[in-house]
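Reading the structure
The residues making up each chain are set out below.
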Amino acid sequence: MTLLRFEIIKIFRKPYVIVSILLFTLINFAAIFITNKGYQQWVMEEHQNQVCEEFLCGPIDSQKIDKVISETKRLSDIVASQKFSREYDSNTITGYLFGDFNLYYGYLEPNLKYAVSYAYDMQDIIQRAYENVEFYEQVGNIKELNKNHDIIQLYSGRSINEYRNLYGARYLLFYDFSGLLIIFLLVLTLTPGFVSERENRMYQLFPTFPSGERKINSTKFLFIILITLMYCVWFFIMDLIGFALFSHLQGFSMPLYSIQEFQLTPLNLSIGQFYVFCLILKIFGMLIISFYIAILSKFLPKTVYVFLGSVLPLVLFVFWLPRAHSALGWLDFVNPIHLIKNRYLFLSYNPIFIGSTPIQPVFIAVLVAMLLIIISSIIIQTGIRPRFA
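Predicted model only: the values in this text are computed from it and were never measured.

1. Brief notes about helix 8 (residues 177-190)
Helix length check: helix 8, at 14 residues, gives a terminal C-alpha distance of 20 Å against a target of 20 Å (1.5 Å per residue), a fit within 8%. Across the 14 residues of helix 8, 11 count as buried, placing the element largely inside the fold. Here helix 8 has its buried residues at Ser178, Gly179, Leu180, Leu181, Ile182, Ile183, Leu185, Leu186, Val187, Thr189 and Leu190.

The following block contains the structure:
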């Protein structure tokens, strides 16, 4: 533990590390502010939230449904007749009658309709799944039979009983920029890990004290895990604070499928539970990147080469986008970006089959990540040194 404490102190005594953390935190807040301001104007979110607070938020009942439908019809009839004032009207929500029409017709009614009709849509899916079960039993297709049994189990009993303004929660779950900042910090922090000691010729001492080399390598392994956890948890909290400050963040107790992009998600978690689950998966993905950087630092001769090699995860993060609503290929599981941008694993039910058994892709992705981490730990903790060391 003394060596681990020394490793942490050694890193955080470097001014550029502290400055980078503070600077990236401020940049992250700025990015969250810009993200929220962009969509809030586009979807009239301020006015939606006003209506939500006045009467619409809370348990869905017939009174709220009737009021939204009648107001939408009233505004639609006025707009269709084209006999409405285009001047500012203080009696409207948005300040203009046509703005109120857009608010109700474009957002409030469709969002309420999604919540009310969700249970019926799931019943249709379950009914088709029962029909598929009967068919695949007759033809003896065990693979599709098991898949449809899973569909029945996963989608049964679903309903959305409350209405909330979920735009803030939706954009929080789809917010990725902090992940890029974490990778930058990992590159800055972990690049000097081995290569700087080689440049300082500390490796010349190891042949005279073999157990010391093992202890140092084990300490660096623990340090890599600890620093990755610290960065991920820090930005997890900062993202939450940022969206709480700059958006109308609410609805964390509602089911994940209350957000329309997750209509067909195989998960029956709440939005808050899913946000924590995303953190756990992101940590696995970031650990793979951390160990990749550490291995480069161990086997490349100069710091500049390690920095150049570390460009790969940055490029993958920026330019590679996981495929939504599609099954993953086996090579995709090696890519840590799947675990960092992990929401794409849960937008719909696309199992991987092992024999005739359907498996959620996230389980395989985590197993592959754990295997890569174990292999990386073996490489880091062994006494193997490059020839130029």
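2. So, the pattern of salt bridges
Enumeration according to the criterion identifies five salt bridges in this entry. Its salt-bridge partner being Arg74, residue Glu71 comes within 2.6 Å of it at the nearest N-O pair. Here the residue Glu71 and the residue Arg74 both occupy positions in helix 4 (residues 62-81), the gap between them amounting to three residues, near one helical turn. Given the relative accessible area of 40%, Arg74 is considered partly exposed. The closest approach of N and O atoms between Glu162 and Arg164, which form a salt bridge, is 3.0 Å.

3. Some words on the state of the cysteines
Taken as a whole and judged by the stated rule, the model has one disulfide. Note that Cys52 is cross-linked by a disulfide to Cys57, the S-S spacing being 1.6 Å. Looking along the S-S bond of the Cys52-Cys57 disulfide, the torsion reads about 75 degrees, which is the right-handed sense. Accessibility expressed as a relative area gives 19% for Cys57, which makes it buried. Cys232 forms no disulfide, and the closest cysteine sulfur to it belongs to Cys278, at a distance of 12 Å. Here Cys278 falls in the buried class, since its relative accessible area comes to 11%.

4. Remarks on unusual backbone geometry
Positive phi outside glycine occurs at Met44, with the angle close to 55 degrees. Here Met44 lies in the loop between helix 2 (15-42) and helix 3 (45-56). For Met44, a relative accessible area of 17% corresponds to the buried category.

5. What about helix 13 (residues 311-319)?
Buried within helix 13 are the following residues: Pro313, Leu314 and Phe317. Mapping the buried residues of helix 13 onto a view down its axis gives an arc of 100 degrees, with all of them on the same face. Turning to helix 13, the residues buried within the fold contact helix 8, helix 11 (271-299), helix 12 (303-309) and helix 14 (337-340).

6. As for the side chain of Thr265
One can find Thr265 in the loop between helix 10 (210-246) and helix 11. At a separation of 2.7 Å, a polar atom in the side chain of Thr265 contacts the main-chain carbonyl oxygen of Phe346. Apart from residues no more than four positions distant in its own chain, Thr265 is found in contact with Tyr155, Arg158, Leu256, Tyr257, Phe346, Leu347 and Ser348.

7. Examining the environment of Leu240
Position of Leu240 relative to the elements: it lies in helix 10. In this structure the C-alpha to C-alpha distance between Leu240 and Ala169, which are 71 residues apart in sequence, comes to 9.6 Å. Excluding residues that lie within four positions of it along the chain, Leu240 makes contacts with Leu172, Leu249, Phe252 and Tyr275.

Basis of the calculations
- Residues numbered from 1 in each chain as written.
- Predicted model: local features only at pLDDT ≥ 70, side-chain atom pairs only at ≥ 80, totals over all residues.
- Heavy atoms only, no water.
- Helix = DSSP H or I, 4+ residues; strand = E, 2+ residues; numbered from the N terminus.
- Expected span 1.5 Å × (residues − 1).
- Buried < 20%, exposed > 50% of the residue type's maximum accessible area, 1.4 Å probe, protein only.
- Salt bridge = Lys/Arg side-chain N within 4 Å of Asp/Glu carboxyl O.
- Disulfide = S-S within 2.5 Å.
- Arc of directions from axis to C-beta.
- Contact = heavy atoms within 4.5 Å.
- Polar contact = N/O pair within 3.5 Å; in protein donor to acceptor, adjacent residues only side chain to side chain.

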